[in-house]
Amino acid sequence: MTTNMGKFDRALRILIAAALAVLAFSTGTLESGILFWVALAVAAIFTLTAFVGNCPIYRIIGLKTCRNCG
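## Description of the packing of aromatic side chains
Argument step 1. A complete count under the given rule lists two aromatic pairs for this structure.
Argument step 2. Taking 5.4 Å as the distance between ring centres and 80 degrees as the angle between the ring planes, the aromatic pair formed by Phe 25 and Phe 36 counts as edge-to-face. With Phe 25 in helix H1 (residues 7-26) and Phe 36 in helix H2 (residues 34-52), this residue pair connects regions lying 11 residues apart in the sequence.
Argument step 3. Ring centres 4.9 Å apart and planes at 80 degrees place the aromatic pair Phe 36 and Trp 37 in the edge-to-face group.
Argument step 4. Residue Phe 36 is classed as buried on the basis of its relative accessible area of 6%.

Cut-off values and rules
- Residues numbered from 1 in each chain as written.
- Predicted model: local features only at pLDDT ≥ 70, side-chain atom pairs only at ≥ 80, totals over all residues.
- Heavy atoms only, no water.
- Phe/Tyr/Trp six-rings, centres within 6.5 Å; stacked < 30°, edge-to-face > 60°.
- Helix = DSSP H or I, 4+ residues; strand = E, 2+ residues; numbered from the N terminus.
- Buried < 20%, exposed > 50% of the residue type's maximum accessible area, 1.4 Å probe, protein only.

Structure below.
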């Protein structure tokens, strides 16, 4: 699997994932609702793609945010 995400993009995804997780768990009303699960799912996907360095949507649209990726 080739890398198609730059360092800034990966760091930004980690920050957004952390913010979504904190938001989901800090508000008591979201824990039983659909927004809780959506926020957790998006946070998990962002975290996974940030650590792997590959975003499937970027591949589909032909976008690369790294300088020297193959």
